[in-house]
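Given next are the chains, with one letter for each unit.
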Amino acid sequence: LHCMGFSYDYTGDYQSALNCYEEALNIRTHLLGNDDLRVAETLHNKGAILCEEGDCEGSMECLDEAFRIRKLHHGEAHESCADTQQWMGNVMREWGDYDEALEYFKVALKVKKAKLGKTHESVADTLQNMAVVLDDLAKYSLSMR
């Protein structure tokens, strides 16, 4: 079900993806417990879709829990934690809290650069998200650095 949710997400069928993730989450939580990394993976993906759909509150709830689980297993300085924090930054941007979004992006960027190297595609994605927020704040010269 988790993989089906991912496939639906990829094709843009967000409602079907959410349905699959919700069912996968129920099964995974029941079988694996609340603190399993596979539960965190499903929560992360569900949170990302909810953000894309404009449900910032639901998204942040999922992402907060995914981050808690990932941090429990890996510590904060892990790329999966950075991925979740990047999505938390996206939620903050959607909410219009640009300063908080930048803080999430800065933390994610630091971890990604340390773990993946400064030329990794994921680092570039985080830099792009930061530039968009800086543009939203009309800090054009900073967004072009």
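J.: Just to check I follow, could you spell out the pattern of salt bridges for this structure?
T.: Pairs can form between side chains of opposite charge once their charged atoms are near each other. Taken as a whole and assessed by the stated rule, the structure comprises nine salt bridges. Residue arginine 38 pairs with aspartate 36 through a salt bridge whose shortest N-O separation is 2.9 Å. The exposure class assigned to arginine 38 is partly exposed, which follows from its relative accessible area of 41%. What makes aspartate 36 buried here is its relative accessible area of 16%. Taken together, the shared-partner salt bridges connect Asp35, Glu65 and Arg68 into one network.

J.: Could you clarify how one ought to interpret helix H2 (residues 14–32) in this entry?
T.: Its 19 residues place the ends of H2 25 Å apart at the C-alpha level, agreeing with the 27 Å of an ideal helix rising 1.5 Å per residue. Where the residues of H2 are buried, they touch helix H1 (2–11) and helix H3 (37–52). The first or second residue beyond H2 is glycine 33, which carries a positive phi of 95 degrees.

J.: Sorry, what's going on with the nonpolar core here?
T.: A general tendency of soluble globular proteins is for nonpolar side chains to be buried together. Membership of the largest hydrophobic core comes to 18 residues, with the highest contact counts inside it found for Met60, Met88, Val91 and Met92. Put simply, the parts of the chain that give this core at least two residues each are helix H4 (56–74), helix H5 (79–95), helix H6 (98–116) and helix H7 (121–136). Here the element with the most residues in this core is H6; it accounts for five residues. Once residues within four sequence positions are removed from consideration, methionine 88 is found in contact with Met60, Leu63, Asp64, Phe67 and Tyr104.

J.: Quick question: what am I supposed to make of the side chain of aspartate 36 here?
T.: Mapped onto the fold, aspartate 36 is located in the loop between H2 and H3. From its side chain, aspartate 36 meets the backbone nitrogen of arginine 38 in a polar contact 2.8 Å long.

Cut-offs applied
Residues numbered from 1 in each chain as written. Predicted model: local features only at pLDDT ≥ 70, side-chain atom pairs only at ≥ 80, totals over all residues. Heavy atoms only, no water. Salt bridge = Lys/Arg side-chain N within 4 Å of Asp/Glu carboxyl O. Buried < 20%, exposed > 50% of the residue type's maximum accessible area, 1.4 Å probe, protein only. Helix = DSSP H or I, 4+ residues; strand = E, 2+ residues; numbered from the N terminus. Expected span 1.5 Å × (residues − 1). Contact = heavy atoms within 4.5 Å. Core = buried A, V, L, I, M, F, W, Y, C linked by side-chain atoms within 4.5 Å. Polar contact = N/O pair within 3.5 Å; in protein donor to acceptor, adjacent residues only side chain to side chain.

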